[in-house]
Amino acid sequence: MKTFELTRANENAQAVSVAAKATTAQQGADIRFIAGGTTLIDLMKLNVETPQKLIDINHLPIAKIENLPGGGLTIGAMVRNSDLAYHPIVRRNYAVLSEALLSGASAQLRNMATTGGNLLQRTRCMYFRDTATPCNKREPGSGCAAITGVNRSLAILGTSEHCIATNPSDMNVALAALEATIHIRGTKGDRTVTIGDFHLLPGNTPHRETVLEPGDLITHVTLPPPALGSRSLYLKLRDRASYEFALASAAVVITVAAGKITRARIALGGVGTKPWRSTEAENELTNQPATQAVFQKAANAALRNAKPQSQNGFKVELANRCLVHALKLATQNA
Ligand SMILES: Cc1cc2nc3c(=O)[nH]c(=O)nc-3n(C[C@H](O)[C@H](O)[C@H](O)COP(=O)(O)OP(=O)(O)OC[C@H]3O[C@@H](n4cnc5c(N)ncnc54)[C@H](O)[C@@H]3O)c2cc1C
Ligand code: SF4
């Protein structure tokens, strides 16, 4: 691990002004915020991330969960994953988020990991983490070892010829189904970005993962009030029951009235290069009866544009079954 300088930020403006001196907010940034450190320190030990300066944001006043006046919730960027998952309002009104968080990592990691850090966690593609191999995300223009290599765990939706890495976060998938908004403080003031617009598709620039610019500090995330009568659920399928990333997952937020689906928000994990909201599935579900046949049509629509690689063709069927089963569980006895 290379040497670096550590600065402790005591206020948001100070953190932003130090980070604004970075050349980029993306891969290769020479100045980085450090929150829980569970992604960043790992990657620094592997020499994948080599910042010269770390800004410790653990003392910033952005660690509260609060009700919003018209309903809804605000979640500070420094709220730990475990505190968020066990918060009574989250468990009651946003079960999909609690379940997604608790399906991730381990209890110890969740005690450290933060909301802001989870939004920005990096892919688990093995080549990204191995500096001896080509990787366009780590080193733009060097090639993609995964496309012709080990790609069993990688993406089938949103890929490009330059990168097929999955966004590994469970939390992000739940936030996509909940239509969360990300609040950012930057050098030009405060702005908001919807979760759908926050992460970028790899395209020709897989090293650009989000819309963040140098200096941008995520201050908090807001959730709209829960839709009246809605139920939500997160289902994660993986190689072992705990401490493992998703091969496929589904976040479902759904309202059923008199046997008919009146509203559905669907997102998939483990299969997309970004948290994968499926409006195609939502359209197939809305105003339809809550039946197995309708769930199947929705899942088919969600996976219609899937582009499997040499080893991950099984994910098309797995994600399809995952969504159908999640819909069945979420609408039971509705
Ligand atoms: C062994 C292991 C297993 C895991 N399993 C899972 C799993 O199953 N599911 C899952 O979803 N996750 C899993 N994770 C990932 C874990 O959830 C993330 O590492 C964690 O959420 C990152 O949060 P952090 O606060 O530690 O981020 P950090 O490592 O501190 O930061 C990550 C990135 O975010 C930036 N950053 C942090 N906060 C801000 C902010 N407020 N504004 C702007 N930039 C910021 C940092 O500069 C850095 O680039 C696992 C991790 C490990 C190590
Ligand atoms: S899939 Fe993306 S992260 Fe993995 S090797 Fe290819 S470019 Fe790198």
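Residues numbered from 1 in each chain as written. Chains lettered and ligands numbered in written order. Predicted model: local features only at pLDDT ≥ 70, side-chain atom pairs only at ≥ 80, totals over all residues. Heavy atoms only, no water.

Re the overall build of the protein
To be explicit about the condition: Only runs of H or I of at least four residues qualify as helices and only runs of E of at least two qualify as strands under DSSP, and these elements are numbered from the N terminus. Atoms counted for the radius of gyration: C-alpha only. Globule rule: 2.2 Å times the number of residues to the power 0.38. Throughout, exposure labels follow a simple rule: accessible area from a 1.4 Å probe, protein chains only, divided by the maximum for the residue type, with under 20% read as buried, over 50% as exposed, and the rest as partly exposed. Using a 1.4 Å probe, the Shrake-Rupley method yields the accessible areas, and only the shown protein chains count as cover for residues. For this count, His and the chain ends are skipped, Lys and Arg are scored as positive, and Asp and Glu as negative. Taken as the charge location is NZ of Lys, CZ of Arg, CG of Asp or CD of Glu.
Each helix and strand counted, the protein has 12 helices and 12 strands in total. Whereas a compact globule of 334 residues would reach a radius of gyration of roughly 20 Å, the protein reaches 19 Å, a difference of no more than 12%. Seen through its C-alpha atoms, the protein measures out along the principal axes to roughly 60 × 50 × 35 Å. Here the protein holds 334 residues, and the buried ones make up 53% of them. Looking at the protein as shown, the accessible area adds up to about 14600 Å², and 50% of this sits on carbon and sulfur atoms. When the 36 positive and 25 negative side-chain charges of the protein are each reduced to one mean point, those points stand 4 Å apart.

Side note on the site of ligand 2
Our working rule: One heavy atom suffices: a residue is near a molecule or strand as soon as one of its heavy atoms comes within 4 Å of it. Amino acid classes used here: Ala, Val, Leu, Ile, Met, Phe, Trp, Tyr, Cys and Pro are nonpolar; Asp, Glu, Lys and Arg are charged; the rest, including Gly, are polar.
Surveying the vicinity of ligand 2 reveals 13 residues, the closest of which are C125, C135, C144, C163 and I164. Its residues assigned to classes, the shell around ligand 2 shows 10 nonpolar, two polar and one charged.

Considering the pairing of strand β7 (residues 189–194)
The criterion, for reference: Strands qualify as paired when DSSP identifies two bridges or more between them.
Of the pairings in the sheet, the one linking strand β6 (residues 181–186) to β7 comprises six bridges and is antiparallel in character. Its bridge partner being in β7, I182 is matched across the sheet by V193. With antiparallel pairing between neighbouring strands as the criterion, β6 and β7 make up a hairpin whose turn holds two residues.

A closer look at empty space enclosed by the protein
Applicable threshold: Cavity and pocket criteria rest on a 1 Å grid covering protein atoms alone: a 1.4 Å probe that fits but cannot get out defines a cavity, protein on both sides within 12 Å along at least 5 of 7 lines defines an open pocket, and an atom within 4 Å of a point defines a lining residue. Grid points are joined across faces, edges and corners, and a volume is the space filled by probe spheres set on the points.
Within this structure, the stated rule accounts for two cavities of 30 Å³ or more. Of the voids in this model, the largest cavity is the one considered here, and its volume is about 170 Å³. Around the largest cavity, the lining comprises 20 residues; the ones closest to its centre are K137, N167, L200, E209 and T273. Roughly 80 Å³ of volume is contained in the second largest cavity. What lines the second largest cavity is a set of 16 residues, among which C125, C135, C144, A146 and C163 lie closest to the centre.

Re the pattern of salt bridges
When the charged atoms of two side chains with opposite charge come close together, those side chains can pair. Note the following rule: Salt bridge, as applied in this entry: a Lys or Arg side-chain nitrogen positioned within 4 Å of an Asp or Glu carboxyl oxygen.
Counted under the stated rule, the structure contains 17 salt bridges. For the salt bridge of K236 with D170, the shortest nitrogen-to-oxygen distance reads 2.7 Å. One end of the pair, K236, is in strand β9 (residues 230–237); the other, D170, is in the loop between α7 (115–119) and α8 (171–177), and 66 residues separate them in sequence. Assigned by exposure class, K236 and D170 land together as buried. A salt bridge links E179 to R263, with the nearest nitrogen and oxygen atoms 3.4 Å apart. Placement of E179 in the loop between α8 and β6 and of R263 in strand β11 (residues 260–269) is noted, with a sequence separation of 84 residues between them.

Considerations on the confidence of the model for the protein
Under the convention used in this document: pLDDT: the predictor's confidence for each residue, scored from 0 to 100.
On average, the protein scores 97 in pLDDT, and the residues at 70 or more come to 100%. For the protein, strand β1 (residues 5–8) is the element with the lowest average pLDDT, namely 93, and α8 is the one with the highest, namely 99.

A look at unusual backbone geometry
Positive phi outside glycine occurs at N47, with the angle close to 60 degrees. With respect to the helices and strands, N47 occurs in the loop between α2 (40–45) and β3 (53–56). According to the relative accessible area criterion, N47 is partly exposed, its value standing at 36%.

Structural notes on the sheet that holds β6
Note the cut-off: Lines fitted to C-alpha atoms define the axes here, with helix axes fitted over just the stretch in contact, and angles between the N-to-C directions of these axes take values from 0 to 180 degrees.
In space, the five strands of this open sheet follow the order β4-β5-β8-β6-β7, with antiparallel pairing throughout. Two strands in the sheet have a free side with no partner beyond their single neighbour: β4 (65–67) and β7. Ignoring strand direction, the axes of neighbouring strands in this sheet form an average angle of 25 degrees. The pairing of β4 with strand β5 (residues 73–76) spans three bridges and is antiparallel. Bridged to I65 within β5 is I75.

Concerning a nonpolar patch on the surface
Definition in use: Each patch is built from residues lacking any salt bridge and having more than 30% relative accessible area; the joining distance is 9 Å for like charges and 5 Å for nonpolar side chains (Val, Leu, Ile, Met, Phe, Trp, Tyr).
Taken together, the side chains of M1, F4 and L6 present a nonpolar region at the surface, about 310 Å² in accessible area. On the basis of relative accessible area, L6 is assigned to the exposed category, the value being 53%.

Some words on the packing of helix α11 (residues 292–303) against helix α12 (residues 314–331)
The criterion, for reference: An angle counts as roughly parallel when it lies under 35 degrees, as roughly antiparallel when it exceeds 145, as roughly perpendicular when it falls between 65 and 115, and as oblique in every other case. Put simply, a crossing is left-handed when the front helix is turned counterclockwise from the back one by less than a right angle, and right-handed when it is turned clockwise. Here, two residues are considered to be in contact whenever any of their heavy atoms come within 4.5 Å of each other.
Orientation of α11 relative to α12, taken along the N-to-C sense of each, is 140 degrees, at an axis distance of 9 Å. The angle between the axes of α11 and α12 places the two elements in the oblique class. For the element pair α11 and α12, the recorded crossing hand is right-handed. When α11 is examined against α12, the residues Q292, F295, Q296, A298, A299, N300, A302 and L303 are found in contact with a partner set consisting of V316, A319, N320, L323, V324, L327, K328 and T331.

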